[in-house]
Amino acid sequence: KTTVLSQFAEKYSSYIYLIRDFDALSPAQLLVEMGECINLPVKLRKSEMNNLKQQLKSLQGVMFLFDEVTAESASSLTKLEMLRKIHDETGIPIVICGVPLLHKTIYDSSRFDYYCSLISRLDEHEMHGMRRSDAGNYIELVAHEENVQFTYPAQQALISTALNSGIGGINAFTTVIGRCITLARVQYYNSE
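Source: prediction; values computed, not measured.

What about the packing of helix α8 (residues 152-163) against helix α9 (residues 169-190)?
Where α8 contacts α9, the axes come no closer than 6 Å and their chain directions differ by 145°. Mapping the contact onto sequence places Leu158, Thr161 and Ala162 in α8 and Gly169, Ile170, Ala172, Phe173, Val176 and Ile177 in α9. Considering only residue class, the contact of α8 with α9 consists of 7 nonpolar, 2 polar and no charged.

Regarding the nonpolar core
Of all hydrophobic cores here, the largest spans 28 residues; its most connected members are Leu30, Met34, Phe64 and Phe66. Going through the elements one at a time, β1 (16-19), α2 (27-37), α3 (49-57), β2 (63-69), α4 (76-90) and α5 (100-106) are the ones with two or more residues in this core. In terms of residue count, α2 provides more of this core than any other element does, 5 residues in total. With near-sequence residues (within four places) excluded, Phe64 lies in contact with Tyr17, Ile19, Met34, Cys37, Ile38, Leu56, Ile92, Pro93, Ile94 and Val95. Val148, Leu158, Ala162 and Phe173 belong to the second-largest nonpolar core, a separate cluster that totals 13 residues.

Each value, and the rule that gives it
- Residues numbered from 1 in each chain as written.
- Predicted model: local features only at pLDDT ≥ 70, side-chain atom pairs only at ≥ 80, totals over all residues.
- Heavy atoms only, no water.
- Axes fitted to C-alpha atoms, helices over the stretch in contact; angles between N-to-C directions.
- Helix = DSSP H or I, 4+ residues; strand = E, 2+ residues; numbered from the N terminus.
- Contact = heavy atoms within 4.5 Å.
- Nonpolar A, V, L, I, M, F, W, Y, C, P; charged D, E, K, R; others polar.
- Core = buried A, V, L, I, M, F, W, Y, C linked by side-chain atoms within 4.5 Å.
- Buried < 20%, exposed > 50% of the residue type's maximum accessible area, 1.4 Å probe, protein only.

The structure is reproduced here in structure tokens:
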């Protein structure tokens, strides 16, 4: 997930923003970081959220990606609720990417009252991993963009790897593809 989020943010860096240190940031620091992404000076106060929302409403195509999100710290609920409000009031897409513990914490029945407004939005877009067609499409995209070729048996092995979390899943899939790209580039630059 981190690899895919990073690639996506790098490719569209002028309007897709990746924030990796969600858990380490206080709610006010999170607003400052989001403001820095869109070149809006935000003071270190939670009350600055309205300024951020006003600016985001005027922007087109902006998206925020948050990686390694957990719900372990006391401020996590506050930050998640802030993101929910920003999304609801601006329409800006917000991607929350976490570990299985995040899903377990949010969907814990004893905490439903805390997270019910967030759950209703997450249920609309819950992801269940990569499908066979997604893996195949990604291989085709990489082959085209990087000018590399994968044999049919290699494609099938990569797809099987992507779908099997027991042998590495999507992480192993993207790692192997990344190494293939690196090897192809080395061979290209060393060739006549």
